[in-house]
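Coordinate analysis (summary)
Take a look at the letters that make up each chain.
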Amino acid sequence: MTSDELRKKFLGFFAERDHRIVQPAPLIPSDPTTLFTIAGMQQFVPAFRGEVPPPAPRVATCQKCLRIDDLEQVGRTPRHETFFEMLGNFSFGDYFKREAIAWAWQLVTKDLDIPADRLWITIYPKDDEARAIWRGDINLPDERIVPVEDNWWPTGGGLGPCGPDTEIIYDAGEQLGCAKPDCGPACDCNRWNEVWNLVFQQYNRVEDGSLADLPTQNIDTGMGLERLAMIIQGCSTIFDTDLFRPIMYYIAEMARAADGSFRYGANPQADEAARIISDHARAVTFMAADGVTPSNEGRGYVLRRLIRRSARLGRRLNLPTPFMSRICPVVVRHMGDAYPELTDRQDVVVKFVQAEEHRFDETLEQGSLLLERVIERVKSAGAATIPGETAFELYDTYGFPYELTVEIAAEHGLAVEEQQFLHAMEGQRERARAAAAQSFAYRGTEGYGAAAGTTEFCGYEELTVTATILHLIKDGKEVENARAGDKVEVILDYSPFYAEAGGQVGDTGLLDAEATRARVEDAHHPAEGVHALRVVVEQGELVRGEQVHASVDAERRHAITRAHTATHLLHHALRTVLGPHAVQSGSLVERDRLRFDFAHFAPLTPEEIRQVEDVVNRRVLDLCPVTATLVPMAEARKAGAIALFGEKYGDEVRMVGIGDFSTELCAGTHAPNTGAVGTFKLVAQSSIGAGLRRVEALTGLAALEHVRREEGALARSAELLRAAREDVPTRIETLQRELRDAQRRIESLQSRGAAAVADELVGKAQAVEDARVVAGRTVNLSAEALRNLADVVLERLGGGVVVLGTEADGKVLFVGEVSKDLTERGVHAGRLVGDVAKTAGGGGGGRPDFAQAGGRDPSKLDEALSTVADLVRRQLAGKE
Ligand code: SER
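All right, on to the overall build of the protein then. Across its full length, the protein holds 25 helices and 35 strands. Over its C-alpha atoms the protein spans a radius of gyration of 40 Å, topping by over 25% the 29 Å that the globule rule assigns to 880 residues. Projected onto the principal axes, the alpha-carbon positions of the protein cover approximately 130 × 90 × 70 Å. Residues counted as buried form 49% of the 880 residues belonging to the protein. Contacts in the protein between residues far apart in sequence, at least 24 positions, make up 68% of those at least 6 positions apart. With 100 positive and 132 negative side-chain charges, the protein shows a separation of 5 Å between the mean positions of the two kinds.

Looking at the element boundaries, Ile251 is found in helix α6 (residues 245-259). The spacing of Ile251 and Glu500 is 249 residues in sequence and 50 Å in space, taken between C-alpha atoms. Look past the residues within four positions of Ile251 in its chain and what remains in contact with it is Ala274, Ile277, Ser278, Leu317, Leu319 and Ile327.

For the rest of this paragraph, the subject is the site of the ligand. With respect to spatial proximity, the complete set of residues near the ligand consists of Ala39, Met41, Arg67, Met86, Trp153, Asn197, Val199, Asp220, Thr221 and Gly222. Arg67 places a polar side-chain atom, nitrogen or oxygen, 3.2 Å from an oxygen atom of the ligand. Between the ligand and Trp153, the relevant distance is 3.4 Å, taken from an oxygen atom to a side-chain nitrogen or oxygen of the residue. Bound to the protein, the ligand loses 96% of the 230 Å² it would expose on its own. Elements that contribute at least two residues to the shell around the ligand include exactly β8 (192-205) and β9 (211-224). If one sorts the elements of the shell around the ligand by residue count, β9 sits on top with three residues. When grouped by side-chain class, the residues that make up the shell around the ligand number five nonpolar, three polar and two charged.

A rise of 1.5 Å per residue sets the reference length of helix α8 (residues 298-314), with its 17 residues, at 24 Å; its end C-alpha atoms lie 24 Å apart and thus fit the reference within 8%. In terms of residue burial, α8 counts as a mostly covered element, since 15 of its 17 residues are buried.

Position of Val779 among the secondary structure elements: in the loop between β31 (771-778) and α21 (783-797). Taking C-alpha positions, Val779 is 6.3 Å from Thr806, a pair spaced 27 residues apart along the chain.

Let's shift gears to the nonpolar core. Ranked by internal contacts, the top residues of the largest apolar core, which has 93 residues, are Trp134, Trp196, Ile277, Met287, Leu317 and Ile327. With twelve residues, helix α7 (residues 268-289) is the single largest residue contributor to this core. For Ile277, the contacting residues outside a window of four places in its chain are Ile251, Ser310, Leu313, Gly314, Leu317, Leu319, Phe323, Met324 and Ile327. If you look at the next biggest cluster of nonpolar residues, it comprises 30 residues, including Ile560, Leu569, Ala582 and Ile658.

Moving on: the layout of surface pockets. Computed from the structure, the second largest pocket encloses a volume of approximately 800 Å³. Taken together, 24 residues make up the lining of the second largest pocket; nearest its centre are Arg305, Arg312, Pro401, Tyr402 and Glu403. If one sorts the elements of the lining of the second largest pocket by residue count, α8 sits on top with seven residues. The residue makeup of the lining of the second largest pocket, split by class, is eleven nonpolar, three polar and ten charged.

In this section: the sheet that holds strand β33 (residues 811-818). Paired through backbone hydrogen bonds, the strands of a sheet run either parallel or antiparallel to each other. One open sheet holds the six strands; their spatial order is β30-β31-β32-β33-β35-β34, and the pairing between them is mixed. Strands at the two margins of the open sheet, each flanked by one partner only, are β30 (766-768) and β34 (842-846). When strand polarity is set aside, the average angle formed by the axes of neighbouring strands in this sheet is 20°. Note: strand β32 (residues 801-808) against β33, eight bridges, orientation antiparallel. When the bridges of β33 are listed, Leu804 appears paired with Val815. Strands β31 and β32 of the sheet are contacted by helix α20 (residues 728-763), whose axis makes an angle of about 130° with β31.

Rules used in this analysis
- Residues numbered from 1 in each chain as written.
- Predicted model: local features only at pLDDT ≥ 70, side-chain atom pairs only at ≥ 80, totals over all residues.
- Heavy atoms only, no water.
- Helix = DSSP H or I, 4+ residues; strand = E, 2+ residues; numbered from the N terminus.
- Rg over C-alpha atoms; globule rule 2.2 N^0.38 Å.
- Buried < 20%, exposed > 50% of the residue type's maximum accessible area, 1.4 Å probe, protein only.
- Contact = heavy atoms within 4.5 Å.
- Lys, Arg positive; Asp, Glu negative; His and termini not counted.
- Charge placed at Lys NZ, Arg CZ, Asp CG, Glu CD.
- Near = heavy atom within 4 Å.
- Polar contact = N/O pair within 3.5 Å; in protein donor to acceptor, adjacent residues only side chain to side chain.
- Areas by Shrake-Rupley, 256 points an atom, 1.4 Å probe, with all protein chains shown as cover.
- Nonpolar A, V, L, I, M, F, W, Y, C, P; charged D, E, K, R; others polar.
- Expected span 1.5 Å × (residues − 1).
- Core = buried A, V, L, I, M, F, W, Y, C linked by side-chain atoms within 4.5 Å.
- 1 Å grid on protein atoms, 1.4 Å probe; cavity = no way out; pocket = protein on both sides within 12 Å on 5 of 7 lines; lining within 4 Å.
- Points joined across faces, edges and corners; volume = space filled by probe spheres on them.
- Pairing = 2+ DSSP bridges.
- Axes fitted to C-alpha atoms, helices over the stretch in contact; angles between N-to-C directions.

Written as structure tokens, this is what we have:
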């Protein structure tokens, strides 16, 4: 049975048993605190918890999943992988253990025909109910049912829905066993293959680690498609199944084309590389198709790592770079029917992967050159090891992977001082820690040390409060008071001022008391946990320990808030219009103005710009509610959200949701509903690096103002053109055409005029010995026109000397040309024109055949030209 048939068989089996077939969730969950979809049940967590109704009481899926915990095992064992497909059936308070077990057994042993005597069962030791079902309903002997303490999902005691599970294990034969005395169905060795995991989701693990009952008793099962295919297709590894074969085959072909020697099965090292690359190619294709782009954090970092890891392993097979971007289309071709999003996004996937391969290539190229030099030095010194510090420098400064240094060194029979390298790495970590500590100290420990964590930000709800001054810091030192004219930093116990973070600028406003007035120019976090206001005292004095009335400039804040809510809408719109790869990489949120950076390859077309504006403005018109909720840090940490955002958060993270279409981790201030954004208008776009674009947009009255300015410019243009506004473009087209025609007429008249002038000048030629010499004055001409004229005159003359002079802008310009026969006889245009120009108060020079010069005195122009004949004569005689 092909894997395609297996998918269909599984879903069909459960469809016949009243299950609704639900589409797989994206690999990237909409919940920003979770890195990847790791199981079929993930999209149903809220339904298990009773927070939302399930799509149906019974559901079945084939879910794309990604797990990176086993990365080191991939390719080394027959069955580990990063990307996989999980077949699962789910019950939401509908059927429970009895049906789940009976159906699983029937599907495996009857419909899929796996011999029952190859199968073993593991159960949770205390789950007597499951044991009774396997014994009584299925009729399995006791010795086939093995209690295993680990049979609880999720393993490791994670928060959320959980419960005991029972697993169906396939025995691949004693010859594959590890021969350890306790080797059994729960053993990790290659003999035992977990086929299917049936989880009885009936508990919810809460913060303190205890178990609460879920509102209903549920079923969540998961069967890995690749492992199932391996058993059904009688393969010894998943890489031999039809799921991997086309990819493995393509890699082998590329390797053979490169050096002709590759044969699968001949060299374990090379085979392993091919298996890892085929696994990573699937993961990379699916991730990129779901919108992940390479970066240095979170999901993007995982993608980068998989691409670079593959690129490195490709060397073992001599694969020509870039090659991952060539394998991706093979994955798409092979999986595109089951996952149409792959076909839709193939172009974007290939582009991003290729760009990343190129970036890595550059890193490698630079590092390799340096390493070669090091190797030469080490060898000529007769040493056998490369210093660890050198390996570290390559890594630290050039991003050159350590493993690669080791690999290349080994090719030259050299080792790398590993201890030294590790030591240098540790040193770097120390320095980073020290630098972080120092930057804190630099900003004035005296001032801020005591201030960390003392301010409560109340600016989400309030814009004016009465607060107490906890600290006053002047020039990095704590002071007791600040007087009119002083610039100080103020730390309050309650602050309504938003301190700059996450792209949103800090608030401004006022601090005042009876006779005191101080302007808040900015609010920022000068050190972790410190909430400081930059303040100028205008009147009276601020005294430490005293109360002030603190008020945010509300109009400005509202404008910033509008822009921030619009930023989330824009992110949503870009991903809707351009595709899920258009992920935010940075932003700046100011009053009614925002700048937004995101991953994308090409400039936005006018049509795309219009669509993006439409999506945002429609969401604005829909008055979608904006909500902010705090999510426990533990939940975010569990899923790796910290790595994802690269920023530090407190015990809870703030999740900002708009309608049901946008969720982001965000500390910023937001409008209660999208209607407050007013008008949204994109006003600029640019490129800010490989695969990164920037757009700028306006909101609220600023957007209106922008439209008015543009409208004003159009109105003025219409006025100048004496046309109706809508006729401006056609009017400009007509004018441009007329202008072009007029220019053409002028040019033709000029050349006709020039020809007449040339004739006249040729007619005035004088003979100097046997040479014909023209020295003449023309009407006001540009340098270029004068040169052209000289060309024509010399040509009509059929050889000789031409010197022309003109008056331009109160100065004099000369051009001289000499034909070849005369330059050979000693006439030199450069010297000639230089001498002529002297008479007109200037100078210049040039080549023997061509020269130009300037003069300051137009009144001497004729006199200067009158010297030409004599000068030529002297040159011919060899006197000049
Ligand atoms: N959630 C379980 C697993 O991932 C069964 O689907 O193994």
